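# Notes for the structure review
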Amino acid sequence: GLGIVSIYLQFNDDVSDVARPDAPLFHVHGQPRLQMPLLGLNFEIGPLSFFQANSTTCEALYETAIEWLKPNDAGLVLDVCCGVGTIGL
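So, here is what we can say about the structure in this document.

## Some points on the pattern of salt bridges
Here the structure, examined in full by the defined rule, presents four salt bridges. Arg20 is the partner of Asp14 in a salt bridge, and the nearest nitrogen-oxygen pair spans 3.9 Å. Residue Arg33 pairs with Glu44 through a salt bridge whose shortest N-O separation is 3.8 Å. Of this pair, Arg33 sits in the loop between strand E2 (25-30) and strand E3 (34-38) while Glu44 sits in strand E4 (residues 41-45), and the two are eleven residues apart along the sequence. On the accessibility criterion, Glu44 (51% relative accessible area) is exposed. Taken together, the shared-partner salt bridges in this structure form one network comprising Asp13, Asp14, Arg20 and Asp22.

## Some words on the layout of surface pockets
Considering only enclosed or pocket space, the largest pocket measures out at about 360 Å³ in volume. Every residue lining the largest pocket is counted, 17 residues in all, and those nearest its centre are Ile66, Pro71, Ile87, Gly88 and Leu89. Among the secondary structure elements, those contributing two or more residues to the lining of the largest pocket are E4 and helix H1 (55-69). Considering each element in turn, the lining of the largest pocket owes the most residues, four residues, to H1.

What counts as what
- Residue positions are given per chain, counting from 1 as you read along its sequence in written order.
- Given that the model is predicted, a residue must reach a pLDDT of at least 70 before its local features are reported, and side-chain atom pairs must reach 80 or more before they are shown or counted; all residues, however, enter totals for whole chains, interfaces and linings.
- Side-chain figures throughout are based on the complete set of non-hydrogen atoms in the structure, without hydrogens or water.
- The working definition used for a salt bridge is a side-chain nitrogen of Lys or Arg within 4 Å of a carboxyl oxygen of Asp or Glu.
- To qualify as a helix, a DSSP run of H or I must reach at least 4 residues; to qualify as a strand, a run of E must reach at least 2; elements of each kind are numbered from the N terminus.
- Relative accessible area decides the class of each residue, using a 1.4 Å probe on protein chains only: under 20% of the type maximum gives buried, over 50% gives exposed, and in between gives partly exposed.
- In this analysis the probe radius is 1.4 Å and the grid spacing 1 Å, with only protein atoms considered; a cavity is a set of points the probe fits into but cannot get out of, a pocket is an open set with protein on both sides within 12 Å along at least five of seven lines, and lining residues have an atom within 4 Å of a point.
- Grid points are joined across faces, edges and corners, and a volume is the space filled by probe spheres set on the points.

These figures come from the coordinates and say nothing about function on their own.
Rendered as structure tokens:
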């Protein structure tokens, strides 16, 4: 098979490729949410979630950031505008 685990359809009758926020979204096949592993954590994502599609490069980037920042328990991380929250976790 093709290995397709989920299919959603979103109807958009605008002239733009960007769907309106209120555009109808229909789950037509498979799992309603996907489990995506990243750096030992599992993230549950849906059709409107922002998650890096290239998880291999994302892991390499985050590992480099952790190495440079050397975070500890006393530090504070603000994770704003990051989608599902992978950076702060």
